[in-house]
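Examining the three-dimensional arrangement
Residues per chain, in single letters:
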Amino acid sequence: MSIAEKLIRRDLEKLKTDLENSSIIFVDLIDDNLLHLEAAIQGPMSTPYENGVFLIDIKLTEQFPFSSPQSIIFKRATMHPNVTENGTFLSDLLTKAKWVPTWSIKDILEHVWARLAFPDIDSTECDSKRAELYRTDQEHFNAQARQYSIEYAQAI
């Protein structure tokens, strides 16, 4: 077992005992692979994502935690400036230049959750079309984001 796999296993065990009062619903392995995870997070309150359940596919590398995740992808359509049309989550904090190796899987998921609540539209790590709509017509953007949340994340 690699160092990455040992650290991931430790993170997952700790996370399972820490889910109460958390935005994280679950984190599971995909195909018993410690480098490929599926997680679910609750949408932040008082946002268009409120009451939604967002499924996320996370691929880690053998160099984790010394390198950022290979990919973080929303498995269902999500209207957000930091999520591309194909579901790829974008954040400058997950780039090679800004990655911090002390981040755990929980930290990554909490960052995704926080970014849902507070989009970063001024970063180069955003979907330019969605960021522009958010910047110029936030009411319309929020209505679209809410509709996506109802349709794809079962928000009520």
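Everything numeric here is computed off the predicted structure, so don't read it as measured data.

Evaluation of the coordinates by the stated rule reveals 1 cavity of 30 Å³ or more. Roughly 30 Å³ of volume is contained in the largest cavity. If you go around the largest cavity, the residues you meet are Val 53, Phe 54, Leu 55, Arg 76, Ala 77, Thr 78, Tyr 152 and Ala 153. Take the lining of the largest cavity: its biggest share by element is 3 residues, from strand S3 (residues 53–59).

Below, the discussion takes up the nonpolar core. Core analysis: the largest hydrophobic core is formed by 37 residues, its most contacted members being Val 27, Ile 105 and Leu 109. Once residues lying within four places of it in the same chain are set aside, the contact partners of Val 27 are Leu 12, Leu 15, Leu 37, Glu 38, Ala 39, Ile 105 and Leu 109.

To continue, consider the pattern of salt bridges. Between side chains of opposite charge, pairing is possible as soon as their charged atoms come close. Here the structure, examined in full by the defined rule, presents 7 salt bridges. The closest approach of N and O atoms between Glu 110 and Lys 106, which form a salt bridge, is 3.8 Å. Of this pair, Glu 110 and Lys 106 both sit in helix H2 (residues 105–117), 4 residues apart, which is roughly one turn of the helix. By relative accessible area, Glu 110 is classed as partly exposed at 31%. Using a relative accessible area of 22% as the deciding quantity, one classes Lys 106 as partly exposed. When salt bridges that share partners are traced, they join Asp 18, Lys 106 and Glu 110 into one network.

What follows is about the pairing of strand S2 (residues 33–42). Here S2 lies mainly inside the structure; 8 of its 10 residues are buried. Examined bridge by bridge, strand S1 (residues 24–30) and S2 share 6 bridges and lie antiparallel to one another. Paired with Ile 30 across the bridge in S2 is Asn 33.

Parameters and conventions
Residues numbered from 1 in each chain as written. Predicted model: local features only at pLDDT ≥ 70, side-chain atom pairs only at ≥ 80, totals over all residues. Heavy atoms only, no water. 1 Å grid on protein atoms, 1.4 Å probe; cavity = no way out; pocket = protein on both sides within 12 Å on 5 of 7 lines; lining within 4 Å. Points joined across faces, edges and corners; volume = space filled by probe spheres on them. Helix = DSSP H or I, 4+ residues; strand = E, 2+ residues; numbered from the N terminus. Core = buried A, V, L, I, M, F, W, Y, C linked by side-chain atoms within 4.5 Å. Buried < 20%, exposed > 50% of the residue type's maximum accessible area, 1.4 Å probe, protein only. Contact = heavy atoms within 4.5 Å. Salt bridge = Lys/Arg side-chain N within 4 Å of Asp/Glu carboxyl O. Pairing = 2+ DSSP bridges.

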